[in-house]
Amino acid sequence: MVLLDVKNVSKRYKDTKALSNVNFSVKEGEFISIIGPSGAGKSTLLRCINRMIDANDGEIIFDGIDVLKLNKRDLRRLRTKIGMIFQHYNLVYRLSVIENVLHGRLGYKSKIDGIIGRYSEEEKEQALKILEDLGLGQQIYKRCDELSGGQKQRVGIARSLIQNPKMILCDEPIASLDPSSSKVIMDQLKDISVEKGITCLVNLHQVEVAIKYSDRIIGVNSGQVVFDGPSRELSSDTIYAIYGTEAGNLIVD
Amino acid sequence: MEGSIVSTVKYRKTNKGKIKIRTVTTSSVVIKTTLSILLFLTVYGLVTLDTKDVNLIEAVKDFAINLRTMFFQSSLSNFTFFQSLYQILVTLGLAFLTTLIGGFIALFLGLLAAENLSSKRVSTVIKGFVAFIRAVPTVLWVLVFAIAAGLGSVAAVIGMTFHTVGYLIKAYSESFEEIDKGCIEALKASGASWWQIVFQAILPSAATYLLSWTFLRFEVNFTNAVAMGAAAGAGGIGFELFMASGFYFNVREVGFITYLILFTAIILEVFSTRLKNKFLLGS
Ligand SMILES: Nc1ncnc2c1ncn2[C@@H]1O[C@H](COP(=O)(O)OP(=O)(O)OP(=O)(O)O)[C@@H](O)[C@H]1O
Ligand SMILES: [Mg+2]
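Every value quoted in this text rests on a predicted model; they were computed, and no experiment measured them.

Right, let's get into the site of ligand 1. All names here are of chain A. Taken together, the residues surrounding ligand 1 are Tyr13, Ala18, Pro37, Ser38, Gly39, Ala40, Gly41, Lys42, Ser43, Thr44, Glu172 and His205. Note that an oxygen atom of ligand 1 is positioned 2.4 Å from one of the side-chain N or O atoms of Ser38. In this structure, an oxygen atom belonging to ligand 1 sits 2.9 Å away from a main-chain N or O atom of Gly41. For ligand 1, the accessible surface in isolation is 630 Å², of which the surrounding protein chains cover 59%. No other element matches helix α1 (residues 42-49), which puts three residues into the shell around ligand 1. When the residues that make up the shell around ligand 1 are grouped by side-chain class, the tally is four nonpolar, six polar and two charged.

Here's what the structure looks like:
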């Protein structure tokens with residue numbers, strides 16, 4: 001079943017075309033990596049999907065809803081169904097781990113409950129369960145600035161999981177991590193997608209990682225999709241096409 | 001002069017032939033010019049000062065004697081120690097009230113004035129307006145409001161609050177703008193509303209800044225409250241100070257009151273430092 005349909009989406013900044021006529025669709029439960037050189041438009045593409053950035057043209061259908069036509073309130077409701085994970089974790093560092101995780105529930109809450117941070121016992125139990133599963137059971141009351149990078153990213157994952165999302169968008173989730181924490185994070189993302197059937201759309205800079213973990217790879221260059229297919233079909237020629245010759249040499253060798 | 005040791009690095013030399021490490025910028029020229037003009041004005045003012053028939057040496061001697069009486073023989077005569085403590089409380093109350101009201105208003109307007117939380121246009125309008133409020137000194141605002149409210153505590157509260165709001169909006173909104181925009185983005189992406197983001201991300205992250213700015217302003221307001229007691233008849237210790245010096249010419253009492261104010265200021269400082277440390281180190 002198709003969960004996300006991106007049709008002819010374009011995004012312009014004053015003089016740069018960040019995205020031009022992007023087309024692809026995503027099936028439920030798929031694990032997809034988006035690769036491409038710096039400035040290709042990967043982050044822009046991801047943020048257009050949950051409308052953190054407004055696309056100029058085209059159509060984005062998520063779970064049967066026309067995303068670009070939503071009003072403010074419905075947009076908030078849509079965003080609860082889409083988790084997001086960031087390169088720099090984007091936690092509130094002065095708050096505890098569990099408070100940060102519970103932030104994922106804000107979109108479901110009434111204004112006042114969210115403001116004073118009143119969460120139900122079920123929500124708290126769910127948060128504990130997720131943290132336990134992600135191996136953070138010992139850190140729940142730690143302030144987030146006391147965590148390592150890998151642990152911070154796991155808090156980020158927990159925060160998106162507690163949303164009960166249908167899809168998770170990850171913008172370079174491992175770009176600030178060492179190889180072993182990167183592996184932990186990617187394994188956990190893969191588990192999430194396999195066990196819970198949550199669709200993952202991951203921006204990556206590491207081609208090997210993309211090939212290893214994803215069902216499908218989308219290659220972007222200068223705002224255009226230049227490759228879209230199963231990861232095993234990604235040949236060195238297409239890598240050259242995505243990254244340009246110079247960088248291609250480095251990656252393929 | 002230009003020279004080069006390595007062929008690619010171009011450097012300049014001073015008049016003495018040394019390698020130059022500082023270049024002349026507009027700001028350094030402006031600073032130097034301003035300083036020399038100020039120096040000239042100071043010297044000119046001193047030289048052309050009209051001292052009438054006051055003998056400078058006599059005057060300095062008298063001044064020293066007065067100072068000695070003031071600070072080494074301080075005492076109270078027109079009211080008791082407890083009355084003076086009460087007056088200090090009144091002044092503290094004035095400072096507290098104006099900081100509290102001002103801080104509350106500034107918190108909301110500060111959110112609107114922060115560019116990352118509101119629109120560029122709203123932010124610019126508020127910031128411009130606030131710059132105007134701050135440009136006028138507190139005393140003048142008190143006097144402006146005295147036209148409507150009459151000289152006294154009401155005018156002082158309104159006027160001081162007004163200036164406090166102006167000051168704190170700037171301080172608060174800049175603290176908000178310093179906040180890592182990532183956590184705002186993250187909460188927005190999960191569907192949180194503006195107010196939820198403010199209370200769950202902005203305020204926790206900015207808490208220490210808000211606290212220290214508010215305390216700083218409280219200290220300023222305490223000093224202001226002393227001055228307003230004298231200048232605007234707002235009551236409190238400032239008014240007693242004014243009466244002792246300008247009305248009774250009682251230097252001993254002036255000395256005593258000065259000690260009292262100094263002591264209070266020190267206590268406030270110690271208290272605020274403790275509070276800040278507690279919050280900065282985290283609970
Ligand atoms: N706010 C903005 N204003 C103007 N131009 C922007 C803005 N954001 C992105 N761009 C431009 O859009 C293009 C795509 O940027 P984007 O951040 O999506 O790239 P990316 O593929 O995520 O790169 P990276 O791998 O370095 O993160 C770039 O040319 C960038 O300069
Ligand atoms: Mg990016």
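Back to the write-up after that little detour.
Residue and element names in this part refer to chain A. Segmentation of chain A into domains returns domain 1 (1-81 + 166-253) and domain 2 (95-164). For domain 1 and domain 2, the distance between their C-alpha centres works out to 25 Å. The interface of domain 1 with domain 2 comprises 16 residues on the first partner and 14 residues on the second. Contact between domain 1 and domain 2 buries roughly 1200 Å² in total, counting both sides, with carbon and sulfur atoms accounting for 59%. At the boundary of domain 1 with domain 2, the tally comes to six residue pairs in polar contact (both at pLDDT 80 or more). Here the side of domain 1 that touches domain 2 gets seven residues from one element, more than from any other, and that element is helix α7 (residues 179-196).

This brings us to the pattern of salt bridges. All names here are of chain A. By the definition in use, this model includes 21 salt bridges over all chains. A salt bridge links Lys124 to Glu121; its shortest N-O distance comes to 3.0 Å. Highlighted residues: Lys124 and Glu121, both in helix α5 (residues 121-133), separated by three residues, approximately one helical turn. With relative accessibility at 31%, the residue Lys124 sits in the partly exposed group.

For the rest of this paragraph, the subject is the layout of surface pockets. When its volume is computed, the largest pocket comes out at roughly 1000 Å³. What lines the largest pocket is a set of 30 residues, among which Met52(A), Arg79(A), Ile184(B), Glu185(B) and Lys188(B) lie closest to the centre. At the level of elements, α1 and α2 (72-80) of chain A together with α7 (181-189) and α8 (194-231) of chain B are the ones that each hand at least two residues to the lining of the largest pocket. Among the residues making up the lining of the largest pocket, the classes are represented as nine nonpolar, seven polar and 14 charged.

Left-over empty space is what a probe sized like a water molecule reveals as it rolls over the atoms. Within this structure, the stated rule accounts for one cavity of 30 Å³ or more. Its volume calculated, the largest cavity comes out at about 40 Å³. Contributing to the lining of the largest cavity are Ile82(A), Gly83(A), Met84(A), Arg159(A), Ser160(A), Gln163(A), Ala186(B), Ala189(B) and Ser190(B). Listed by contribution, the elements that provide at least two residues to the lining of the largest cavity are β6 (82-85) and α6 (149-161) of chain A together with α7 of chain B.

The rules behind each value
Residues numbered from 1 in each chain as written. Chains lettered and ligands numbered in written order. Predicted model: local features only at pLDDT ≥ 70, side-chain atom pairs only at ≥ 80, totals over all residues. Heavy atoms only, no water. Near = heavy atom within 4 Å. Polar contact = N/O pair within 3.5 Å; in protein donor to acceptor, adjacent residues only side chain to side chain. Areas by Shrake-Rupley, 256 points an atom, 1.4 Å probe, with all protein chains shown as cover. Helix = DSSP H or I, 4+ residues; strand = E, 2+ residues; numbered from the N terminus. Nonpolar A, V, L, I, M, F, W, Y, C, P; charged D, E, K, R; others polar. Domains from an automatic or database assignment. Contact = heavy atoms within 4.5 Å. Buried area = accessible area lost by both parts, 1.4 Å probe. Salt bridge = Lys/Arg side-chain N within 4 Å of Asp/Glu carboxyl O. Buried < 20%, exposed > 50% of the residue type's maximum accessible area, 1.4 Å probe, protein only. 1 Å grid on protein atoms, 1.4 Å probe; cavity = no way out; pocket = protein on both sides within 12 Å on 5 of 7 lines; lining within 4 Å. Points joined across faces, edges and corners; volume = space filled by probe spheres on them.

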